[in-house]
Amino acid sequence: MQLQARIRSKQWLEQYLTGEGMDYRQIIALFLPILIDQAFIIGLNLVNTAMISSSGMAAVSAVNMVDSLNIFLINVFVAIATGGTVVVAQYKGSGNDRMVSQAAAGSVTSVSLISVGIGLLLMGFHSPILNLLFGSASADVLDNARIYMIGSSISYLGIAVVQAVCGALRGVGRTRASLMLSLIMNLLYVLLNIVFINLLDMGVLGMTLAVNIARYTGMICALVYLFKIDTALRVRVRDLLRVPLDMLRKIMFIGVPFAAEQMFFNGGKLLTQIFIVSLGTYAIATNAIAGSLAMVFQIPASALSLTIVTVVGQSIGRGNVADARKFIKAFLWIGSGSYVLVTLILMPLFHPLVSIFSPPPEIIDDLFIVLLVNAVAQIPLWAVSFILPSALRAAGDSRFTSITSMLSMWLFRVVLGYILGIVLGYGVLGVWMAMNCEWAVRGAVFLWRFRGDKWFAHKLI
């Protein structure tokens, strides 16, 4: 029986995850380090949220509020780094090693400059931004939010460089090296949080110190690896200071529409966060804890979404559209299947998982309903809404995916979230139901695009 199962598994892998330029062994070798990385990042985020909850609901609410803004801004330079990943992957697929090096250098340089600019802007205008976005929050929440916002802004350069280097490494298939750099940064973050929050009882200030030390340590390690150890990208220090404009244009062709998408997309999420702030501290805490737990459900699918950028990018770089189509279809089915498996495992463990946050008893029932509705919706909707646009973007179809995501966010999630959450009084559940509806709309549009030929018609390299 076991032998027959292995034979059938191998046949399935060879049929759906093996193409002319890449076989299932290479794809699994790419995927597993990214899966481990995502598991650590999301798991550590869960631990960090649980740790800060020991400082009270005001601290949890402050961190959640500022992190919604952090995600909005950090994703701008992460989007540019993704542009670098796509260009690196396509040049790797075409076999042009010299241009791989230039693309990696261009990614690090552009992302660094953008992150410094965003960080300085946020530090300079932190008070008016907080008052504008979260002015209805209580005084103690705002005081904690101010400390965390300034500290987070200082750390942007550190995480930007790590993201750019890791993105370039994923583009050439060096996912193990990317994993090690990510683990160094994130494990150090958790260890420092234990020291500063649990042992020294420094609350939000302790988390702020931890995030800066961890991210800049990660940056130093990433640069040392890039210049002294790496043999695939071959980037030198002087390469970062003189990147050809033509290479920057290629990176920005993917990165700028994606960055605009992230700004509008996460701006919409930020606006829904403002809706939730108006519902009170318990609603903010419910949203924060539910968001952390929902990310656990997304671990395998998120790893697939990152892996497919390299797989499709290299396939398109080789000019093999048939391989790209085949791999995309397989990834979509695997993504939805992963949600079925994860939901069956985690939903019965709801109470042990929630207990690590020490939530007030009043919000536990709301948490369960929000998570259950979201878990069911993710099975058919998440893969086509997130894995598929990653694949289209890797083929160079960045503008269409970005415009679709921006329009669906503002026309459906924001408007419907306000109607369901505020007008009709469904609260946090209404905001999350609107999010699920938006996944369905944009997923349907991406499937329509994928069935045509325009998504691979862009000439990037």
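Structural notes, computed from the coordinates. On a predicted model such as this, the values are computed, not experimentally measured, just so you know.

So, about the overall build of the chain. Secondary structure summary: the chain contains 17 helices and zero strands in total. Relative to its 461 residues, the chain shows a buried fraction of 58%. Considering only residue pairs separated by 6 or more positions, the chain has 84% of its internal contacts joining residues 24 or more positions apart. Per element, the accessible surface of the chain, about 19,000 Å² overall, is 68% carbon and sulfur.

The subject of this paragraph is the nonpolar core. The biggest cluster of nonpolar side chains holds 72 residues, and the ones touching the most others in it are F297, V312, I328, F331 and I387. Ranked by the residues each element gives to this core, the list is headed by helix α15 (residues 364-394), at 14 residues. Beyond its immediate sequence surroundings of up to four residues, I387 is in contact with A301, L304, S305, I308, F331, L332, G335 and W382. If you look at the next biggest cluster of nonpolar residues, it comprises 61 residues, including M99, V211, M219 and Y225.

With that settled, the discussion passes to a nonpolar patch on the surface. Together, F368, I369, L372, V373, V376 and M433 make up a nonpolar patch on the protein surface, roughly 440 Å² of accessible area in all. Ranked by residue count, the leading element in the nonpolar patch is α15, at five residues. Considering the arrangement of structural elements, one finds F368 in helix α15.

Attention now goes to the packing of helix α8 (residues 175-199) against helix α9 (residues 203-229). Remark: α8 packs on α9, axes separated minimally by 8 Å, with the N-to-C direction vectors making an angle of 155°. As judged from the angle between their axes, α8 and α9 are roughly antiparallel. Considering the relative orientation of α8 and α9, their crossing is right-handed. Residue classes in the contact of α8 with α9 are distributed as 18 nonpolar, five polar and one charged.

Here we take up the packing of helix α4 (residues 97-124) against helix α7 (residues 156-171). Packed helix pairs are characterised by how far apart their axes lie and by the angle those axes make with each other. Running from N to C, α4 and α7 cross one another at 160°; their axes reach a closest spacing of 8 Å. On the basis of the axis angle, α4 is roughly antiparallel to α7. Of the two possible hands of crossing, α4 and α7 adopt the one that is right-handed. Across from A104, S107, V108, V111, S112, S115, V116, I118, G119 and L122 in α4, the residues of α7 making contact are Y156, L157, A160, V161, A164, V165 and A168. Across the contact of α4 with α7, the residue classes tally to 13 nonpolar, four polar and no charged.

This part takes up the environment of Q102. By the secondary structure assignment, Q102 is in helix α4. Overall, the relative accessible area of 21% leaves Q102 in the partly exposed class. For the pair Q102 and G84, spaced 18 residues apart in sequence, the C-alpha to C-alpha distance is 9.9 Å.

On to α8. Counted at 1.5 Å a residue, the expected span for α8 with its 25 residues is 36 Å, and the 34 Å between its end C-alpha atoms agrees. Backbone geometry just after α8 places D201 at a positive phi near 55°.

Note on aromatic pairs: each is described by the distance of the centres and the angle between the planes. The tally for this structure, following the rule as stated, stands at seven aromatic pairs. Measuring from centroid to centroid gives 5.1 Å for F350 and F368, while their planes differ by 75°, and the two rings are edge-to-face. Of this pair, F350 sits in helix α14 (residues 350-355) while F368 sits in helix α15, placing them 18 residues apart in sequence. The buried category is assigned to F350, whose relative accessible area is 4%.

Let us look at the pattern of salt bridges. Counted under the stated rule, the structure contains five salt bridges. We note a salt bridge from D453 to R325, for which the minimum N-O separation is 3.3 Å. One end of the pair, D453, is in the segment after α17 (427-451); the other, R325, is in helix α13 (residues 321-346), and 128 residues separate them in sequence. Note that D397 and R449 form a salt bridge whose closest N and O atoms lie 2.9 Å from each other. With D397 in the loop between α15 and α16 (398-423) and R449 in helix α17, the pair connects residues that are 52 residues apart, well separated along the chain. No difference in accessibility class separates D397 from R449, as the two residues are buried. A network of salt bridges, in which partner residues are shared, links R413, E438 and R442.

Looking now at the side chain of T343. By the element assignment, T343 lies in helix α13. Accessibility expressed as a relative area gives 12% for T343, which makes it buried. With sequence-adjacent residues up to four places away left out, T343 is seen in contact with F297, P348, A375 and I379.

We now examine the environment of A283. The residue A283 is located in helix α11 (residues 281-297) in this model. Looking at A283, the relative accessible area reads 13%, which means it is buried. Non-local contacts of A283, meaning those with residues more than four positions away in its chain, are made with I276 and V428.

Position of T307 among the secondary structure elements: in helix α12 (residues 299-317). Those residues in contact with T307, other than ones at most four positions away along the chain, are I27, L30, F31, I34 and F331.

Procedures and definitions
Residues numbered from 1 in each chain as written. Predicted model: local features only at pLDDT ≥ 70, side-chain atom pairs only at ≥ 80, totals over all residues. Heavy atoms only, no water. Helix = DSSP H or I, 4+ residues; strand = E, 2+ residues; numbered from the N terminus. Buried < 20%, exposed > 50% of the residue type's maximum accessible area, 1.4 Å probe, protein only. Contact = heavy atoms within 4.5 Å. Areas by Shrake-Rupley, 256 points an atom, 1.4 Å probe, with all protein chains shown as cover. Core = buried A, V, L, I, M, F, W, Y, C linked by side-chain atoms within 4.5 Å. Patch = residues over 30% accessible without salt bridge, like charges linked within 9 Å, V, L, I, M, F, W, Y side chains within 5 Å. Salt bridge = Lys/Arg side-chain N within 4 Å of Asp/Glu carboxyl O. Axes fitted to C-alpha atoms, helices over the stretch in contact; angles between N-to-C directions. Parallel < 35°, antiparallel > 145°, perpendicular 65-115°, else oblique. Left-handed = near helix turned anticlockwise from the far one by under 90°. Nonpolar A, V, L, I, M, F, W, Y, C, P; charged D, E, K, R; others polar. Expected span 1.5 Å × (residues − 1). Phe/Tyr/Trp six-rings, centres within 6.5 Å; stacked < 30°, edge-to-face > 60°.

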